[in-house]
Amino acid sequence: MPNIRCIGICTGGGDAPGLNAVIRAAVKAAILKYKWKVIGIPDGFDGLIWPEKSRELGLKDVSGILPRGGTILGTTNRGNPFHYKTIENGKEVIRDISDEVIANSHKLGIDAVISIGGDGSQKIALELFQKGLQIVGVPKTIDNDLCATEITFGFDTALHTATDAIDKIHTTAESHHRVMVIELMGRDAGWIALEAGIAGGAHVILIPEIPFSLQRICDYVAERESYGKRFTIVVVAEGIKLPSELRQLSRAGAVGNLIGDGIALTAHKEVRVSVLGHIQRGGSPSPFDRILGTRFGVAAVDLIAQGGFGKMVCLRNARIESVHIADAVGQLRTVDPQGELVRTARAIGICFGD
Ligand code: F6P
């Protein structure tokens, strides 16, 4: 068993509801179960560039943070110590400051670090582990696209927010007999769009994993009109691959707007577009995300106590387990176009534009 007296915690990459639940659980378990000291590292690994900005986290510091969105530690999706960007003499310079970061963690007395983050942050955690830093990972992302865990915290809250937005779009679409396009996040994975689309009763769902054509969407809108349904809800994942006819409309802007313009021009329908954006990342975490975050936080502390460095906690078959970070990064978990969820959606008439 490793000799641990003090651990550091940092949150990296885009924030996700439930981060504070992880921080709170890790701080409580470290102090109450193991009597360790905990240091909060601000703004991801950037915080280790300026060790004086780190601060001790006691039980009082995590009191009341469970229902809060965001992260009390702050985060960044630009802070990679192996490719650290600075401006020197007006020019962008990229340096490897990983040695400095590791040395600063030792200066702070940190024996092991919990890195809470998505694929990018876990890749950095792996590199730091390979350089000797004792580190464990906690998977986070609203996109739910990490292959090593069946779900990440943050996704459930984002799903609730997106579903609520589709519900609201529904009533106005029906009243005005419009095609309403709603663009959702998810990067290169279609999980938020697919699941919120099903939960919100969308008629068309476009995801990066299924190529589509504009004509097929317009035919589907016309089919609905032919049996008296004068409105259509189109959910668009931000990461969709645009078909060539839309790429030619090469106008800067979100893909939802391009799809909306395409439908308006081709189907001659009145179309409105909503881009939900960062609202999906905000707000109070759902009970599911609070519980999963708490389980992950405690599991990460236990993993340190067992000397499981270079590993990341995860959920498999609804049980908390751990995997080597090396096996968890680089390969995204995307929607299976032939999978049960897509087949279910198709069975109830949802169109994927293909
Ligand atoms: O990975 C989470 C996520 O919200 C993606 O869904 C989205 O593409 C991206 O982050 C947005 O990042 P930023 O906050 O840098 O705009």
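Position labels on residues start from 1 in each chain and follow its written sequence. Per-residue local features of the predicted model are confined to residues with pLDDT of at least 70, and side-chain atom pairs are confined, for both listing and counting, to 80 or more; whole-chain, interface and lining totals are unaffected and use all residues. For the side-chain quantities, the full set of heavy atoms in the structure was used; hydrogens and water were omitted.

1. A word on the packing of aromatic side chains
- The rule is short: rings of Phe, Tyr and Trp, with Trp giving its six-membered ring, pair when the centres are within 6.5 Å, and they are stacked under 30 degrees, edge-to-face over 60, tilted in between. Within the structure shown, the criterion is met by two aromatic pairs.
- Between Y34 and W36, the ring centres sit 4.6 Å apart and the planes meet at 20°, which makes this aromatic pair stacked.
- Accessible area is worked out with a 1.4 Å probe on protein chains only. A residue is then buried under 20% of its type maximum, exposed over 50%, and partly exposed in between. Y34 gets classed as partly exposed once you look at its relative accessible area, which sits at 25%.
- Between F153 and F296, the aromatic rings sit 6.5 Å apart at their centres with planes inclined by 65°, giving edge-to-face as the arrangement. Of this pair, F153 sits in the loop between β7 (135-139) and α4 (155-176) while F296 sits in helix α9 (residues 287-305); the two residues are 143 residues apart in sequence, bridging distant segments of the chain. An identical accessibility class is assigned to F153 and F296; each is buried.
- Remark: a charge is flagged as sitting over a ring if the NZ atom of Lys or the CZ atom of Arg is within 6 Å of the ring centre and within 35 degrees of the ring normal. Directly above the ring of W50 sits K53, whose terminal nitrogen or CZ lies 4.6 Å from the centroid.
- We note R333 situated over the ring of W191; from NZ or CZ to the ring centre the distance is 4.4 Å. Segments assigned H or I by DSSP are reported as helices when at least four residues long, segments assigned E as strands when at least two residues long, and all are numbered from the N terminus.

2. Details of the sheet that holds strand β12 (residues 311-316)
- In this analysis, strands are considered paired if DSSP registers two or more bridges between them. With respect to topology, seven strands assemble into an open sheet ordered β3-β2-β1-β6-β7-β12-β13, the strand pairing being mixed. One side of each edge strand has no neighbouring strand; the edge strands of this open sheet are β3 (55-56) and β13 (319-324).
- Whether two residues touch is decided by their heavy atoms; if any such pair falls within 4.5 Å, the residues are in contact. Here the axes come from fitting lines to C-alpha atoms, over the contacting stretch only for helices, and the angles between their N-to-C directions go from 0 to 180 degrees. Running at roughly 180° to strand β1 (residues 6-11), helix α1 (residues 19-34) makes contact with β1, β2 (37-40), β6 (112-117) and β7 of the sheet.
- Packed on one face of the sheet, α9 meets β1, β6, β7, β12 and β13 and runs near 140° to β12.

3. Considering the layout of surface pockets
- Of the pockets and cavities examined, the largest pocket occupies roughly 620 Å³.
- In this analysis the probe radius is 1.4 Å and the grid spacing 1 Å, with only protein atoms considered; a cavity is a set of points the probe fits into but cannot get out of, a pocket is an open set with protein on both sides within 12 Å along at least five of seven lines, and lining residues have an atom within 4 Å of a point. In terms of lining residues, the largest pocket is bounded by 31 residues, among which G13, G14, G120, K140 and R187 are the most central.
- We call Asp, Glu, Lys and Arg charged. Ala, Val, Leu, Ile, Met, Phe, Trp, Tyr, Cys and Pro are nonpolar, and the rest, Gly among them, are polar. Here the lining of the largest pocket is built from residues that sort into six nonpolar, 13 polar and 12 charged. Grid points are joined across faces, edges and corners, and a volume is the space filled by probe spheres set on the points.

4. Some points on the nonpolar core
- Nine residue types can take part in a nonpolar core, namely buried Ala, Val, Leu, Ile, Met, Phe, Trp, Tyr and Cys, and a core is a set of them joined through side-chain atoms within 4.5 Å. Residues I7, I114, I259 and I263 are the most contacted members of the largest nonpolar core, which totals 89 residues.
- Leave out the neighbours within four places in its chain, and I7 touches A30, W36, K37, V38, I39, I110, A112, I114, V301 and I304.

5. Observations concerning the site of the ligand
- Any residue with a heavy atom positioned within 4 Å of a molecule or strand is treated as near that molecule or strand. Close contacts around the ligand come from N77, I142, D143, M185, G186, R187, E238, H278 and R281, and that covers them all.
- Between the ligand and E238 there is a distance of 2.5 Å, counted from an oxygen atom to a side-chain nitrogen or oxygen.
- H278 is positioned with one of its side-chain polar atoms (N or O) 2.9 Å from an oxygen atom of the ligand.
- The protein chains shown are the only cover counted for residues, whose accessible areas, like all others here, come from Shrake-Rupley with a 1.4 Å probe. For the ligand, whose free accessible area comes to 400 Å², the fraction covered by protein is 76%.
- Pocket or cavity membership: a molecule qualifies when more than half of its atoms sit within 2 Å of the grid points of that site. More than half of the atoms belonging to the ligand lie within 2 Å of the grid points that define the largest pocket.
- Along the lines of polarity and charge, the residues of the shell around the ligand split into two nonpolar, three polar and four charged. Polar contact criterion, stated in full: a pair of N or O atoms within 3.5 Å, where within protein one must be able to donate a hydrogen and the other to accept it, and residues adjacent in sequence count only if both atoms are side-chain atoms.

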